[in-house]
Amino acid sequence: MKRLDKFILKAFIGPFIAILLVVIFVLVMQFLWLYIDELVGKGLGLRVIMEFMLWGTCTVLPLALPLSTLLASMMTLGQMGENFELTAIKASGISLARILAPIMGVSAVISVIAFFVGNDLVPYATNQIFTMRDDIGRTKEEIKIPVGTFYDGIEGYVLRIGDRNEESGMMYEVMVYDHSGNKGNTSLTVADSGLMKMSKAKDYLSFQLYSGSNYQETNTKKYRDTTLALQKIRFSHQEMIIPLKNYAFKKSGEVRFSDQVKSMNLKRLLHGQDSLRHLADSTFAKQYDEFIRTSHLSYRSQIDSNWKGKPKFSSEDFLHWDGIDKQQKAYESASSAAQQMESTLRNYSMDTYEYTWILRRTDLEILKKFAQALACLILFFIGAPLGALIRKGGLGTSAIVSVLFFVLYWVVDITGTKLARDGAVSAFVGAFVSAFVLLPTGLFLCWRAIHDATIFSSDNIGALWRRLKSQVVSLFRRTRIVFMGTPEFAVASLRRLVEKKYKVVGVVTVADKPAGRGLKILESPVKKYAVEQGIPVLQPEKLKDPAFLEELSALKGDIFVVVGFRMLPEAVWSMPKLGTFNLHAALLPQYRGAAPINWAVINGERVTGVTTFMIDKKIDTGGVILRQEYRISPEDTAGDVHDALMEIGSDLVEQTVQGLIEGNVETRVQKSFIQGSELLKPAPKLTRELCHIDWNDSTRNILNLIRGLSPYPAAFTELVKDGKVQQLKVFRAAAHTIPGLTGTPGTIHSDGKTFLAVETADGSVSLTDIQAAGKKRMDIHSFLAGWRDPESYTLSQGTSRAEIEKNVPVED
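Throughout this description, residue numbers start from 1 for each chain and increase along the sequence as written. With the structure being a predicted model, the display of local features is reserved for residues of pLDDT at least 70 and the display and counting of side-chain atom pairs for 80 or more, all residues being used for whole-chain, interface and lining totals. Based on all heavy atoms of the structure, the side-chain values leave hydrogens and waters out of the count.

A.B. asks: So what's going on with the overall build of the protein? Which residues, and what values?
C.D. replies: A count of helical and extended segments in the protein gives 20 helices and 22 strands. Whether two residues are in contact is decided by their heavy atoms, any of which lying within 4.5 Å being enough. Restricting to contacts in the protein with at least 6 residues of sequence separation, those with at least 24 account for 67%. Looking at the protein as shown, the accessible area adds up to about 45,400 Å², and 56% of this sits on carbon and sulfur atoms. Secondary structure elements follow DSSP: runs of H or I of four or more residues count as helices, runs of E of two or more count as strands, with numbering from the N terminus. Shrake-Rupley sampling with a 1.4 Å probe provides the accessible areas, and residues are treated as covered by the protein chains on show and by no other component.

A.B. asks: Help me get a handle on a negative patch on the surface, residues and values and all.
C.D. replies: Residues enter patches when their relative accessible area tops 30% and they take part in no salt bridge; the joining distance is 9 Å for like charges and 5 Å for the nonpolar side chains Val, Leu, Ile, Met, Phe, Trp and Tyr. A pair is scored as a salt bridge if a Lys or Arg side-chain nitrogen falls within 4 Å of a carboxyl oxygen belonging to Asp or Glu. Charge convention: Lys and Arg are scored as positive, Asp and Glu as negative, and His as well as the terminal groups of each chain are ignored. Taken as the charge centre is NZ of Lys, CZ of Arg, CG of Asp or CD of Glu, depending on the residue. A grouping of D163, E166, E173 and D192 is seen on the molecular surface, where their side chains present a negatively charged patch. Mapping E166 onto the fold places it in the loop between β2 (163–164) and β3 (171–178).

A.B. asks: Let's hear about helix α7 (residues 324–390): which residues, and what values?
C.D. replies: Residue count minus one, scaled by 1.5 Å, sets the expected span of a helix. Taking 1.5 Å of rise per residue, 67 residues should cover 99 Å, yet α7 covers just 80 Å from first to last C-alpha, more than 12% shy of that figure. Immediately beyond the C-terminal end of α7, within one or two residues, lies R391, with a positive phi of roughly 60 degrees.

A.B. asks: Could you give me a rundown of the sheet that holds strand β13 (residues 580–584), with the residues and numbers involved?
C.D. replies: Paired through their backbone hydrogen bonds, the strands of a sheet run either parallel or antiparallel. If you walk across this open sheet you meet the seven strands as β11-β8-β7-β12-β13-β14-β15, and the pairing is mixed. Only two strands of the sheet have a single neighbouring strand rather than two, namely β11 (537–538) and β15 (624–631). To obtain each axis, a line is fitted to C-alpha atoms, and for helices this fit is confined to the stretch in contact; angles are then taken between N-to-C directions over 0 to 180 degrees. On the sheet, helix α11 (residues 488–499) packs against β7 (480–485), β8 (503–508), β12 (559–563) and β13 and is oriented at approximately 165 degrees with respect to β7. Relative to the sheet, helix α16 (residues 638–662) contacts β7, β12, β13, β14 (607–614) and β15, its axis offset from that of β15 by approximately 155 degrees. Any two strands between which DSSP finds at least two bridges are classified as paired.

A.B. asks: I'd love a proper account of a nonpolar patch on the surface, names of residues and values included.
C.D. replies: A cluster of nonpolar side chains, contributed by V403, V407, W410, V411 and I414, occupies part of the molecular surface with about 390 Å² of accessible area. By the element assignment, W410 lies in helix α8 (residues 397–422).

A.B. asks: Lay out the pairing of strand β20 (residues 764–772) in plain terms, naming residues and giving numbers.
C.D. replies: Working definition: with a 1.4 Å probe on protein chains only, accessible area under 20% of the residue-type maximum means buried, over 50% means exposed, and in between means partly exposed. Of all nine residues that make up β20, seven are buried, and the element is covered over most of its length. Alignment of strand β17 (residues 724–736) against β20, held across eight bridges, turns out to be antiparallel. When the bridges of β20 are listed, H736 appears paired with S764. Both strand β19 (residues 756–759) and β20 contribute to a ladder of three bridges, which runs antiparallel. By the bridge assignment for β20, E759 is matched with S764. Taken together, β19 and the strand that follows it, β20, pair antiparallel across an intervening segment of four residues. Pairing of β20 with strand β21 (residues 778–779), which is carried by two bridges, proceeds in the antiparallel orientation. Paired with D769 across the strands is D779, a residue of β21. Once β20 ends, the chain turns through five residues before running back antiparallel as β21, passing G774 with a positive phi of about 80 degrees.

A.B. asks: An account of the side chain of S796 is requested, with residue identities and associated values reported.
C.D. replies: Within the fold, S796 resides in the loop between β22 (794–795) and α20 (800–806). Residue classification places S796 among the buried residues on the basis of a relative accessible area of 16%. Within the structure, S796 has its side chain in polar contact with the side chain of H692 (distance 3.2 Å). Among the polar contacts made by the side chain of S796, one reaches the side chain of E718 at a distance of 2.9 Å. Throughout this description, a polar contact denotes any pair of N or O atoms lying within 3.5 Å of each other; where both atoms belong to protein, one of them has to be capable of donating a hydrogen while the other can accept it, and for residues adjacent in sequence the pair is counted only when both atoms sit in side chains.

A.B. asks: Could you give an account of the environment of Q79, naming the residues involved and the relevant values?
C.D. replies: Along the chain, Q79 falls in helix α3 (residues 46–82). The exposure class assigned to Q79 is partly exposed, which follows from its relative accessible area of 34%. Separated by 311 residues in sequence, Q79 and I390 place their C-alpha atoms 9.9 Å apart.

A.B. asks: So what about the environment of T417? Which residues, and what values?
C.D. replies: Tracing the backbone through its elements, the reader meets T417 in helix α8. By relative accessible area, which is 9% here, T417 ends up buried. For T417 and A427, which are 10 residues apart along the polypeptide, the C-alpha to C-alpha distance reads 7.9 Å. Not counting chain neighbours up to four residues away, the residues in contact with T417 comprise L364, K368 and G430.

A.B. asks: Would you mind going over the layout of surface pockets in detail, with residue names and values included?
C.D. replies: With a 1 Å grid laid over protein atoms only, a set of points is called a cavity when a 1.4 Å probe fits there but cannot get out and a pocket when it is open yet has protein on both sides within 12 Å along at least five of seven lines; lining residues have an atom within 4 Å of a point. Grid points are joined across faces, edges and corners, and a volume is the space filled by probe spheres set on the points. Considering only enclosed or pocket space, the largest pocket measures out at about 1,600 Å³ in volume. At the level of secondary structure, the elements contributing two or more residues to the lining of the largest pocket comprise α11, β12, β13, α15 (596–602) and α16. Of the residues belonging to the lining of the largest pocket, the class tally is 25 nonpolar, 10 polar and eight charged. In this structure, the second largest pocket encloses a volume near 1,100 Å³. Along the walls of the second largest pocket sit 29 residues, with T59, V60, L63, K262 and Q372 positioned nearest its centre. Its residues placed into classes, the lining of the second largest pocket shows 15 nonpolar, six polar and eight charged. For this classification, Asp, Glu, Lys and Arg are treated as charged, while Ala, Val, Leu, Ile, Met, Phe, Trp, Tyr, Cys and Pro are nonpolar and the rest, including Gly, are polar.

A.B. asks: Before we move on, can you summarise the pattern of salt bridges with the specific residues and values?
C.D. replies: Applying the stated rule across the entire model yields 18 salt bridges. A salt bridge links D363 to R277; the nearest nitrogen and oxygen atoms lie 3.0 Å apart. With D363 in helix α7 and R277 in helix α6 (residues 266–292), this pair connects stretches of sequence that are 86 residues apart. When salt bridges that share partners are traced, they join R496, D651 and E654 into one network.

Dropping the structure here:
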């Protein structure tokens, strides 16, 4: 055994024994309370009471062992967590499952012990208790004569006293009626005072009477002699002996209740079960045979599956009668036969009720011996993780929660037992229903504890309460949402809100503008979707326009959702009562600005994401609500990242809206996400100068630039020949290795058919997806098929490198 196992077992066994003694004491007191009425007033000796309580202790062990295992495992793990011993053990690389292993082994041993206790000790103790209760019930109560009342507690005698001296025990104005001969009130003794004393064996009562008289009617009435004779004898002192019976407790020499179900072990129960099942089967066969052969059924062979040569029922006259009288007579006859059948079946049920009830109890008792043993192991799986999660080992919150689980087990077990005894459920369900309820709970708690997850916290309870409250409020008034956005990136978020049945009462987007050579009016993607869904659209030229502010206020929005829109004035973002939040396509505080997706790719980031934050007076500086990461692959372009973040962002918008409605939103300042001396990278607007490729840059930077500007606005270079300049957009490229580099950035290399490469500061880049001015976008093979002598061209000096160097990281 390892030192860790010894340490854990030592921490568990001590509390287990102490708790077991306490639990046994509490349960025995409860047991004593149940039978206190049968014990008091019988003059029982201390030895008898202690023996009764000893057997009672044995009967409560099947209940005490699971509860002790539950509390001890909870207190052990809770104490280790409270003293940071659990943390230290985990820090050394030992899992919680390994920590629980020795206690789980001990719990398994306790379960085995519990089985043998329930199978051998409890039946014997139950038999002893039943016998002692019967013996105690035969014992009469102690004699205590009340003052001023006729007392008939002594068989054959009625006594009355006028007063009593509590210190000396002397009784005054004593009257004793002797009815032992069934002679009525013919024998009376009256004394001025007297003392009463019972023999040690409680077989007779001695009265010492002083200054009194005996009255005795000695004659018997006859037909001819109706005279009455009264004899009176005075005395100064007289001793009266009254014989007693069953006033002393007498223990039976043998037990008399071994035939009870609770007094049997597993071997006897199985034997009795077999006998009862044989009786039930034979009785059923007899009743079935008798029922089939009764005259109630006209076609009884049709329901007998054992009938040889069973013919198919057929009758042309079935359910057809010549007249209404015959039909009525047939129905009356059928009704009478059905009533006779019902009465017969009811009698059968009453005949078999006694042994079927005993059989149900026998089946249940067999299974409960295993179920009670299994409870020790199941409750360990609840107590141990509870202690590890709550990290309190005292009699506080963790103990209360553990006891509540035990109460749940106890109530469910009692309910299942009662239902099984009544035949409402099978014996298996009744015996193991508590295991069915608690085992999944225990496994869930263990899973949570092993993964260091919390289960109870005021924050979780508060969040649940606010969620329920919001759902109730939404039944009467749904939250009104105003959506603000323009590009395709925003459409996914708006679509998600509409599909999830949120109440979007209005959309704010940019005004329609003429574009292209024909100056055709273009609508924003957000407006197109809003019009399709029948959502009112506002398109203000200026956000501070009083007319627009009045229209916006009339929408009575509770939440403003902003995705890809302009900077809002305070008059707008402060309008809704639940606030205004924005979806930003970066992990704030990094990449604040208009083009976060492009700049993340241009800078070669491997991770980006989306953020929802509350809008304040500055740009992209409000408190962060939610963030979700996205990993950028080496081949991803800005378009690929845009599409991925668009879907992730729609999920985040939905979660944020729901959180605001439920009141479960907690913002976090953006500075808290900055690690150490980390600098913040801005994301300003994309310029033409940034898009013009500078081939004097490194291969890696040029490839990142091309990816970060694809598909829009797209990086480009300029082809120069004979004084003519032609723009060439580059959408995709790859690093390329070719022999014979000149070392001059911007030099073109090509075989005229399969590749077009340009030298960089440290290598070359192969262009694979390009578009010449006035031409369609095409792959390099198609482009070279229509372009002759590519190496005769030169490339103009680009400006991208200088633009990137201007965009330097800054401190927050």
